[in-house]
Amino acid sequence: MNSISRRSLLLAGGAIAAASACPGAVRALVTTAGIPVKLRTGEAEALLSGPKHAATRTWGFNATIPGPVLRIKQGAPFEAEVTNGLAEPTTVHWHGLRIPVGMDGVPFYSQPPIKPGETFRYAFTPPDAGTYWYHPHFNSAEQVGRGLSGALIVEEAEPVKVDRELVWVLDDWRLDKEEQIAGPFTARHDLVHAGRLGNVATINGTSPGSIAVRAGERLRLRLINAANARFFALKFEGHAPQVIALDGQPCVPHAAPGGRVVLAPAQRVDVILDCSGKPGARHTIEDGYYARQTYALTELAYSDTAPVRENPLDAPIRLPANPVPAPDPGAATRHDIVFEGGAMRGFPSGGGTVGEGGKRLDMRELVRAGVFWTINQQASPPGEIGKTPVLATLKRGESTVLKMVNKTAFAHPMHLHGHHFRVLTRNGAPVPHNQLRDTAIVSPDETVEVAFVADNPGQWMFHCHVFEHQISGMMGIIRVA
């Protein structure tokens, strides 16, 4: 079954389903100071392939796919009580938030895993407004792959003026002929290639036919890529989305490069979309990241009503800056980070070590140990986060430049916990638009330099957010002391 291809064919034939104002509407939990949000992991069901198809058995937070949208005020205390209803341990990682390491949700480094039936209370104050998300960091490839993720919105004190705001959690799923989640989650092909790519793409847990809009309205789209491995590159036919934030952090507003909004796994992009179509018009939103798998994700379906306004809304779209400390690249300590392994390249250095203080293994020994990727010739032992090697130890408060060199045949979205970094250069060329990110794409044979202030003490995970790469070696620790 290939629902992505099928949906593309349906669009070409004009057989789009009736418009829906919000695909897979997800319940929002607006937080209140002093009252913890209650989240429970457990079994759930979702109409991943759309309302005319069988329900898929999944895992979810509060039995929803995705989990509830959590809305938090910038600078306001937040608490969440997470009860584990699974038959295996879990945690919750608050992806992209600069919070104390004890609340970061990484088992063994932040907290003990939450055992089945147990409850763990998270408490922190988010310093930055923006679009973030939450997901487990225990058995992540399977737990996230089965649906455990949700959006987390930290609201600005002065948001930009729009007519509507939409949160889209993008995901993909590998389903069998009965439209149930197909295993296994550790297939060797996925581990050594591009990861676990699915055959059904969803927005907010379903395959929407179309999105209802009105001519002249201005939308703020908060896009979140919660997929294990799929990259998205969204092209809005007949429209010119303006990017205003990357990974929750404001940037200089700019047109989407090449007309495509690109999101690697774990990345977020906020865009302003002026609905410039005419009443009754329909415009495709196409995902074309993989050249041979271009398909229609959904479409904008304009109502026949009169335009909200004749001209675009005359209001600024630049977001206020967050209090992220600015690094000084000229005075920074520098660390080279080299990625090796995977299909078609292997380990050019000939091998590596596994775990902190591990002995050196040759290429065959690494493969026998289930290790297919290394960072600086070191690998995290498969399934043993607590024995992850330390890649660098940084002094608290110092500026740091990481020079990431990709010697593999695949792109890697590299995520650093507890910090945001400024993307400086790609293959020596300056990166425009003042990009602050927590997850950066490093393409094959590409060198990417990023800079940040190591101001958050702790042992922080640094890993590829293609979970299949992470669990087969591509993870390390950046220590800030």
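Here the structure is a predicted model, which is why all the values come from computation and not from measurement.

Visitor: Go over the sheet that holds strand S7 (residues 119–124), please, and point to the residues and values.
Guide: Spatially, S3-S2-S5-S7 is the arrangement adopted by the four strands of the open sheet, whose pairing is mixed. In this open sheet, the two strands that pair with only one neighbour each are strand S3 (56–61) and S7. Ignoring which end each strand starts from, the neighbouring axes of this sheet average 25° apart.

Visitor: Residues and numbers for the side chain of Thr206, please.
Guide: Its location among the elements puts Thr206 in the loop between strand S11 (200–203) and strand S12 (211–213). From its side chain, Thr206 meets the backbone oxygen of Leu47 in a polar contact 2.9 Å long.

Visitor: Report on unusual backbone geometry, specifying residues and quantitative values.
Guide: Between Ile65 and Pro66 the backbone carries a cis peptide bond, its omega angle lying at -10°. In this structure, Pro184 follows Gly183 across a cis peptide bond, with omega equal to -5°. Here Pro184 is to be found in the loop between strand S10 (164–173) and helix H3 (188–192). Here the phi dihedral of Gln377 falls at roughly 60°; this positive angle occurs in a residue that is not glycine. Positionally, Gln377 belongs in the loop between strand S24 (373–375) and strand S25 (378–379).

Visitor: Tell me what's going on with the sheet that holds strand S16 (residues 249–255), and back it up with residues and numbers.
Guide: The mixed open sheet is built from six strands, whose spatial order is S11-S10-S13-S18-S15-S16. Of all strands in the sheet, those with a lone pairing partner are S11 and S16, marking the two edges. With direction set aside, neighbouring strand axes in the sheet form an average angle of 25°. With four bridges connecting them, S10 and S11 associate as antiparallel partners. Paired with Trp173 across the strands is Val200, a residue of S11.

Visitor: I'd like a rundown of the pairing of S10, residues and numbers included.
Guide: One face of the sheet, then the other: side chains in a regular strand alternate in exactly this way. The buried count for S10 comes to eight of ten residues, which makes it a mostly enclosed element. Strand direction decides the pairing type here: S10 and strand S13 (residues 218–225), joined by seven bridges, are parallel. Residue pairing in the sheet places Leu166 in a bridge with Leu221 of S13.

Visitor: Describe the environment of Thr186, and please don't skip the residues or the numbers.
Guide: Within the secondary structure layout, Thr186 lies in the loop between S10 and H3. As for Thr186 and Ala141, which are separated by 45 residues in sequence, their C-alpha atoms are 8.1 Å apart.

Visitor: Now, about the pairing of strand S14 (residues 232–236): what can you tell me, with residues and values included?
Guide: Counting buried positions over the five residues of S14 gives four, a clear majority of the element. Pairing analysis gives three bridges linking S14 to strand S19 (residues 282–287), with the strands arranged antiparallel. Counted as the bridge partner of Leu234 is Asp287 from S19.

Cut-offs used in this document
- Residues numbered from 1 in each chain as written.
- Predicted model: local features only at pLDDT ≥ 70, side-chain atom pairs only at ≥ 80, totals over all residues.
- Heavy atoms only, no water.
- Pairing = 2+ DSSP bridges.
- Helix = DSSP H or I, 4+ residues; strand = E, 2+ residues; numbered from the N terminus.
- Axes fitted to C-alpha atoms, helices over the stretch in contact; angles between N-to-C directions.
- Polar contact = N/O pair within 3.5 Å; in protein donor to acceptor, adjacent residues only side chain to side chain.
- Buried < 20%, exposed > 50% of the residue type's maximum accessible area, 1.4 Å probe, protein only.

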